[in-house]
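Residues per chain, in single letters:
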Amino acid sequence: MSYDILIKNGTVIDGSGTNRYQANIGIVDGKIKTMDAEANAKAKETIDAKGLIVSPGFIDGHTHMDAQISWDPLGTCSVWHGITTVVMGNCGFSLAPCAPEDKLLVMRNLERAEDISPAAMDAGIDWTWTTFPEYLESVERLPKGINYSAYIGHSALRTYAMGERAFSEKASSEEMQTMKEELADSIRAGAIGFSTSRTRNHQQPDGGPVASRVADWNEVKELVGVMGDLGAGIFEIASEDVGRNPEAQKEYQGRLKDLALGTGVPITYGMFSSIRAPEIWPPYFDLLNEVAEAGGKMFTQVHSRPINVLMSFETRMPFDDFPVWKEMRSKPLAKQAEMMRDPVFRAHLVEAANGDDPNTTKAVGAELRRPNYKWLMVMDTVQGPNKSVAEWAEERGLDPVDLMIELALENDLKLFFRQPGFNENQEHVLEMMKHPHSVVTFSDSGAHVSQIMDSSLQTHVLAHWVREEGAITLEEAVQMLTQQPAEAWGFEDRGLLKEGLAADIIIFDADKVTPLMPVAKNDLPAGAQRLVQKAAGINFSIVNGEVLMRDGEHTGTYPGKLLRGPLAEAATG
């Protein structure tokens, strides 16, 4: 016996939730050939994992890498945090179906709702498809560091069938038939499912709804029914806004339950807690239990920390639309620093920021809001706890805006402030993470690229919840990040370390693994800006039996694959 890779002396946490154990792992032709403490045959490459944890690669079920995959074959920032497989096309936003001449319609859906630069998309995407099966063929051909699976998105499907009318009108019977046929073809070709959005947070640049929000519930039911008839596919929904009205919430949840039980299609949605309305999230977890007890499948996607909007002078500040700020912010950063050191001009900035807000456009989603300084944190460390701007200001005897300027100048304008929007209560976060029908995911990688940075949520689990808090064991954490999402999205050959399964493996130092501080870079096509965050403590990432990352650096290989849904696998297998 000869192996392509032999991993020796490591402590294996196999993803099943069982206790760690010692084993050597032999890899042949992209799969785990053997797991045996005595395995010691020749290998093309031998990795000594003494003192390190060997686990399955992490799986992220909620990303928007659909555009990024065209210009970033490595899969950053996800790849730096141990991710080996992602699901894209969430929230109704895919790049297909769509003919090249209609791409502006799809880009309109994505621009504001997901903060993906239209200039970057225009410069970085070679639009070679019309149908979703053709899009999957395009993804198949692209070099890929990690594995990708994709939903077909409702907004793209609607614009494909209806054109401009998708943003304002009900679909005709002919248009419904076009959507249903394309959806069926997509599931047969390997789409993992169908996604939609019904939340007001998803808007076009002009404030109008994205295309999927115009659809009525009957349209959603008919489309999900296509997957029910085929017996394949997952339905992902960015949920309706029912606010704090218990009756509206109950009515919506009833529709979700009826849809899950009536079609047999697994349904998933994201859920977070909020200090403004702490009563909203528990009934959605009760719904998961009710559906399971009735024989259906429904699971929620939860996060591992607060959902933070990040701001800095290198990116955006909440006062940038004030005239005096706007004038200053149009200048190079060095000039801005010089201007802010002038006490007279700085006083004008503080006065303006404390005045009436000139921005008449209501912020949605991850856009910056006028800050409550008690809930605006100074991100001086990546893990926290971080003190609020209000606390810092009181300690230094400064106005909060003046304090933000002073701290920014002390840090070469690179300091981030974080504005939690959800999941402020960490006890609620932990309760949601441990629920039997939740999956820890929802990085939104590839989207909100200049607003948030949650690609590190998996390394945060290891650093914060395991090492710092001791709230969950390392075995529990690995299972949360590997086997549980693999099972939820149907990746039967991944998520566990087991003989015969795909060799997606990460090797990490449990005492050192942690996300690093984010930085701002203008490295997108057309020079568009994004936030970038790496991690420490991950020694190796192996994808499909090839070493992709070694000590955080790319090896030059691109072993990732397109993971198609079960109907496509059955047809080709």
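Structure: above.
Numbering of residues begins from 1 in every chain and follows the order in which that chain's sequence is written. With the structure being a predicted model, the display of local features is reserved for residues of pLDDT at least 70 and the display and counting of side-chain atom pairs for 80 or more, all residues being used for whole-chain, interface and lining totals. Hydrogens and water are ignored here; the side-chain numbers use all heavy atoms of the structure.

A.B. asks: Whenever I open this one, helix α3 (residues 132–141) confuses me. Can you help?
C.D. replies: Residues spaced three or four apart along an α-helix face the same direction, because each turn holds 3.6 residues. Exposure classes here rest on a 1.4 Å probe applied to the protein chains alone. A residue is buried below 20% of its type maximum, exposed above 50%, and partly exposed in between. Counting from the N terminus, the helices are DSSP H or I runs at least four residues long and the strands are E runs at least two residues long. Those residues of α3 that fall on the buried side of the exposure criterion are F132, Y135, L136, S138 and V139. An end-on view of α3 places all buried positions within 155 degrees of arc, on one side of the element. Against β7 (83–88), β8 (147–153) and α5 (173–189) lie the buried residues of α3. Throughout, the arc means that of the directions going from the helix axis to the C-beta atoms. Working rule for contacts: check all heavy atoms of both residues, and any pair within 4.5 Å makes them a contact.

A.B. asks: Would you take a moment to explain the packing of helix α7 (residues 246–263) against helix α8 (residues 281–293) for this structure?
C.D. replies: Pairs of packed helices are described in terms of their axes, by the angle between the two and the distance that separates them. For helices, the fitted line uses only the C-alpha atoms of the stretch in contact; every axis is such a line through C-alpha atoms, and the angle between N-to-C directions lies from 0 to 180 degrees. It is the contact of α7 with α8, at a shortest axis distance of 11 Å, that shows an interaxial angle of 25 degrees. Relative to α8, α7 is oriented roughly parallel. Along this stretch, α7 crosses α8, giving a crossing that reads as right-handed. Residues Q249, Y252, Q253, L256, K257, A260 and L261 of α7 touch α8, and the partners they reach there are P283, Y284, L287, E290 and V291. We call Asp, Glu, Lys and Arg charged. Ala, Val, Leu, Ile, Met, Phe, Trp, Tyr, Cys and Pro are nonpolar, and the rest, Gly among them, are polar. Residues of the contact of α7 with α8, tallied by class, amount to eight nonpolar, two polar and two charged. Geometric relationships in this document are graded by angle, where less than 35 degrees denotes roughly parallel, more than 145 denotes roughly antiparallel, 65 to 115 denotes roughly perpendicular, and other angles denote oblique. By convention, the crossing between two helices is left-handed when the near helix turns anticlockwise from the far helix through less than a right angle, and right-handed when the turn is clockwise.

A.B. asks: Looking at this structure, I do not really get the sheet that holds strand β14 (residues 377–379). What am I missing?
C.D. replies: Working definition: the strands of a sheet are paired by backbone hydrogen bonds and lie parallel or antiparallel to each other. Within the open sheet, the three strands sit side by side as β13-β15-β14. Their pairing is antiparallel. Edge positions in the open sheet fall to β13 (307–311) and β14, since each of these has one partner strand only. Put simply, the sheet's adjacent strands are angled 40 degrees from each other on average, direction ignored. Note: β13 against strand β15 (residues 416–422), five bridges, orientation antiparallel. Across the sheet, I307 pairs through a bridge with F422, a residue of β15. By this definition, two strands are paired if DSSP reports at least two bridges between them.

A.B. asks: Looking at this structure, how should I read empty space enclosed by the protein?
C.D. replies: Gaps between atoms show up when a probe of the same size as a water molecule is rolled over them. We place a 1 Å grid over just the protein atoms. Points where a 1.4 Å probe fits but has no way out form a cavity, open points with protein on both sides within 12 Å along at least 5 of 7 lines form a pocket, and any residue with an atom within 4 Å of a point lines it. Grid points are joined across faces, edges and corners, and a volume is the space filled by probe spheres set on the points. Under the defined criterion, the tally for this structure stands at two cavities of 30 Å³ or more. Here the largest cavity defines a volume of roughly 100 Å³. Taken together, 16 residues form the lining of the largest cavity, with S445, G446, V449, M453 and S455 sitting closest to its centre. Of the residues in the lining of the largest cavity, the class split is six nonpolar, seven polar and three charged. In this structure, the second largest cavity spans a volume of roughly 70 Å³. Lining the second largest cavity are A67, Q68, W71, I116, S117, A120, G446, V449, L524 and R530.

A.B. asks: I'm lost on the packing of aromatic side chains in this one. Help?
C.D. replies: Centre-to-centre distance and the angle between the planes together describe a pair of aromatic rings. Between 30 and 60 degrees the pair is tilted, below 30 it is stacked and above 60 it is edge-to-face, where a pair is any two Phe, Tyr or Trp rings, Trp via its six-membered ring, whose centres lie within 6.5 Å. Across all of its chains, the model carries 14 aromatic pairs by this definition. Pairing Y269 with Y284 gives two aromatic rings, centres 5.8 Å apart and planes at 70 degrees, and the pair type is edge-to-face. Here Y269, found in strand β11 (residues 267–270), pairs with Y284, found in helix α8; they are 15 residues apart in sequence, far enough to count as distant. Overall, the relative accessible area of 3% leaves Y284 in the buried class. A ring pair is formed by F319 and W325, whose centres lie 5.0 Å apart and whose planes are at 50 degrees; its orientation type is tilted. Judged by its relative accessible area of 0%, F319 falls in the buried class. On the basis of relative accessible area, W325 is assigned to the buried category, the value being 0%.

A.B. asks: Is there a simple way to explain the pairing of strand β5 (residues 53–56) in this structure?
C.D. replies: Residues in a regular strand point their side chains to alternate faces of the sheet. As defined by bridge partners, strand β1 (residues 2–12) adjoins β5 across two bridges and the pair is classed as parallel. Bridging from a neighbouring strand, V12 pairs with V54 of β5. Where β5 and strand β17 (residues 505–508) come together, four bridges link them in antiparallel fashion. Looking at the pairing, V54 lines up with I507 of β17.

A.B. asks: What am I meant to see in the layout of surface pockets here?
C.D. replies: Computed from the structure, the second largest pocket encloses a volume of approximately 720 Å³. Around the second largest pocket, the lining comprises 24 residues; the ones closest to its centre are R316, A366, E367, L368 and Q451.

A.B. asks: Help me understand the side chain of S155 in this model?
C.D. replies: Looking at where S155 falls in the secondary structure, it is placed in helix α4 (residues 154–162). Here S155 is in contact with G92, F93, N109, V210, A211 and S212, once residues within four sequence places are set aside.

A.B. asks: Help me understand helix α16 (residues 474–481), please; the structure alone is not making it clear to me.
C.D. replies: For α16, the tally of buried residues reaches seven of eight residues, placing the bulk of the element in the interior. Here α16 has its buried residues at L474, E475, A477, V478, Q479, M480 and L481.

A.B. asks: So what exactly am I meant to see when it comes to unusual backbone geometry here?
C.D. replies: What you tend to see is this: most non-glycine residues have negative phi, and most peptide bonds are trans. The omega torsion of the bond from T76 to C77 falls at 5 degrees, within 30 degrees of zero and hence cis. In this structure, the amide linkage connecting A96 to the following residue, P97, adopts the cis form with an omega of 5 degrees. With respect to the helices, strands and loops of the structure, P97 is situated in the loop between β7 and α1 (103–111). Positioned with a positive phi, D29 is a non-glycine residue whose angle comes to about 55 degrees. Residue position: D29 is located in the loop between β2 (21–28) and β3 (31–36).

A.B. asks: In this structure, what is going on with the pattern of salt bridges? I would like to understand it.
C.D. replies: Charged atoms that come close allow side chains of opposite charge to pair. Just to be clear on terms, a salt bridge is a Lys or Arg side-chain nitrogen sitting within 4 Å of an Asp or Glu carboxyl oxygen. Within this structure, the stated rule accounts for 35 salt bridges. Across the pair E140 and R564 runs a salt bridge whose closest N-O atoms are separated by 2.9 Å. Separated by 424 residues along the polypeptide, E140 in helix α3 and R564 in the loop between β24 (553–554) and α18 (566–572) bring together distant segments of the chain. E140 gets classed as partly exposed once you look at its relative accessible area, which sits at 36%. Linked through salt bridges whose partners overlap, the residues forming this network are R346, R396, D402, E406 and E410.

A.B. asks: It is not clear to me how the pairing of β3 should be interpreted in this structure. Could you clarify?
C.D. replies: As paired strands, β2 and β3 are joined by five bridges and run antiparallel to one another. Along β3, the bridge assignment pairs I25 with M35. Counted between consecutive antiparallel strands, the loop separating β2 from β3 contains two residues, among which D29 sits at a positive phi close to 55 degrees.

A.B. asks: I tried to follow the packing of helix α11 (residues 343–353) against helix α13 (residues 400–410) on my own but got confused; where do I start?
C.D. replies: The N-to-C vectors of α11 and α13 enclose an angle of 130 degrees; their axes lie 9 Å apart at closest approach. In terms of orientation, α11 lies oblique with respect to α13. Residue-level contacts link R346, L349, V350 and A353 of α11 to V401, D402, I405, E406 and L409 of α13.

A.B. asks: I keep staring at the sheet that holds strand β10 (residues 234–238) and nothing clicks. Help me out?
C.D. replies: Here we have eight strands laid out as an open sheet, ordered β6-β7-β8-β9-β10-β11-β12-β16, and parallel in their pairing. Two strands close off the open sheet at either side, each with one partner strand: β6 (58–60) and β16 (438–440). With strand direction ignored, the average angle separating the axes of adjacent strands in the sheet is 25 degrees. Of the strands in this sheet, β6, β7 and β16 are in contact with helix α15 (residues 457–468), which crosses β6 at around 130 degrees.

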